[in-house]
Amino acid sequence: MRALSARDLLLVWEQAERQRPQERALALLAAGWPEPAPAAAELAALSVGRRDARLLALYRQTFGPALDLVAECPACREPLELALDLDALGVDAEVAAAEPEPVEIREGGLRLVARPPTAADLNAAAACAGVAAARRLLAARCVLAAERDGEPLPPGALSDEEIDLLSRRLAASDPQAEVLLDLSCPACGHAWQALLDAAGCLWHEVDAAARRLLREVHVLARGYGWREADVLALSARRRRTYLEMLAG
Ligand SMILES: [Zn+2]
């Protein structure tokens, strides 16, 4: 992935502001993808673990290794702010370059071969009413082969327990799809685990950076008569210095 420039940041911010989270994750990914630009279908076909590893790599290259998180203690509702070190998280975009292998499950007379869900699958599942319907749809899309006692089995004939087993095995096969954080509350001592929302964290930072940039363009354009493109072409260091001079 390559770091987002000031211009990239504003472009993707404008594009993704009104999108749903799944589409937004892909827009962010496309913005930081190295040349040549990827086809939308190529991005949507990434497994969720591969997608999130790349989003975290993009975060690291654009904003540095410290990831600011806001959480709420589920026991006492105390808000919690913490800085995660992305380098210590063990998420590696290089490792993530290879797609995970399909998973094979043999349980009693059941045999299933399935691939981990992709962003396109999650997009489809997000339109379902309820978690149970979404998991059935994911099973229908991700199961490549299914047999019971040697007979072909339509994915719709899987029981809830079998779908649950499938979800757990797929999650284990694409570990970066679920980065679990161990959190503890300084106020009440409660300890819990939370899922890292890579796209949400990156979007939060892009949104803040874009709003900051627009304020800087506003002040510098008014102060010096420069055009937006001129201001965006400056390094952050130069923008800051000119802003200090205007203020001083
Ligand atoms: Zn607490």
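Residues numbered from 1 in each chain as written. Predicted model: local features only at pLDDT ≥ 70, side-chain atom pairs only at ≥ 80, totals over all residues. Heavy atoms only, no water.

(A) The arrangement of the coordination of the zinc ion in detail. Taken together, the protein ligands of the zinc ion are Cys-73 (SG), Cys-76 (SG), Cys-185 (SG) and Cys-188 (SG), with distances of 2.3 Å. Because the angles between the four donor atoms bound to the zinc ion fall within 108 to 111 degrees, the donor set is best described as tetrahedral. In the primary structure, the donors to the zinc ion are separated according to the pattern C-x2-C-x108-C-x2-C. With Cys-73 in the loop between β1 (66–72) and β2 (79–85) and Cys-185 in the loop between β7 (180–184) and β8 (191–195), the pair connects residues that are 112 residues apart, well separated along the chain. This pair shows no difference in class: Cys-73 is buried, exactly as Cys-185 is. (Donors = N, O, S within 2.8 Å, 3.2 Å for Na, K, Ca; no water. Tetrahedral: all angles 85-135°; square planar, octahedral: opposite > 155°, others 65-115°. Helix = DSSP H or I, 4+ residues; strand = E, 2+ residues; numbered from the N terminus. Buried < 20%, exposed > 50% of the residue type's maximum accessible area, 1.4 Å probe, protein only.)

(B) Spotlight on the domain arrangement of the protein chain. What the domain assignment reports for the protein chain is domain 1 (6–96 + 186–243) and domain 2 (101–173). Centre-to-centre separation of domain 1 and domain 2, based on C-alpha positions: 32 Å. Across the boundary between the two partners, domain 1 contributes 10 residues, which contact eight residues of domain 2. The junction of domain 1 with domain 2 conceals about 700 Å² of combined surface from both sides, 59% of it contributed by carbon and sulfur atoms. Per-residue buried area on domain 1 facing domain 2 is highest for Gln-22, Ala-44 and Val-48; these three make up 53% of the total on that side. Put simply, domain 1 and domain 2 have zero salt bridges between them. Joining domain 1 to domain 2, the criterion identifies five residue pairs in polar contact (both at pLDDT 80 or more). (Domains from an automatic or database assignment. Contact = heavy atoms within 4.5 Å. Buried area = accessible area lost by both parts, 1.4 Å probe. Salt bridge = Lys/Arg side-chain N within 4 Å of Asp/Glu carboxyl O. Polar contact = N/O pair within 3.5 Å; in protein donor to acceptor, adjacent residues only side chain to side chain.)

(C) Geometry of the layout of surface pockets. The computed volume of the largest pocket comes to approximately 940 Å³. Counting only elements with at least two residues in the lining of the largest pocket, the list comes to α2 (21–32), α4 (48–63), α5 (119–126), α6 (131–142), α7 (160–173) and α8 (198–224). Residue classes in the lining of the largest pocket are distributed as 23 nonpolar, three polar and nine charged. Two domains each put at least three residues into the lining of the largest pocket: domain 1 (6–96 + 186–243) and domain 2 (101–173). (1 Å grid on protein atoms, 1.4 Å probe; cavity = no way out; pocket = protein on both sides within 12 Å on 5 of 7 lines; lining within 4 Å. Points joined across faces, edges and corners; volume = space filled by probe spheres on them. Nonpolar A, V, L, I, M, F, W, Y, C, P; charged D, E, K, R; others polar.)

(D) Quick look at the state of the cysteines. Evaluated as defined, the whole model comprises zero disulfides. Left without a disulfide partner, Cys-142 is nearest to the cysteine sulfur of Cys-128, which lies 12 Å away. (Disulfide = S-S within 2.5 Å.)

(E) Broad picture of the packing of α6 against α7. The geometry of α6 relative to α7 is characterised by a closest axis approach of 10 Å and an angle of 70 degrees between their N-to-C directions. The orientation of α6 relative to α7 falls into the category roughly perpendicular. Note on packing geometry: the crossing formed by α6 with α7 is left-handed. Contact with α6, carried on its side by Arg-135, Arg-136 and Ala-139, involves Asp-160, Ile-163, Asp-164, Leu-166 and Ser-167 of α7 and no other residues of that element. (Axes fitted to C-alpha atoms, helices over the stretch in contact; angles between N-to-C directions. Parallel < 35°, antiparallel > 145°, perpendicular 65-115°, else oblique. Left-handed = near helix turned anticlockwise from the far one by under 90°.)

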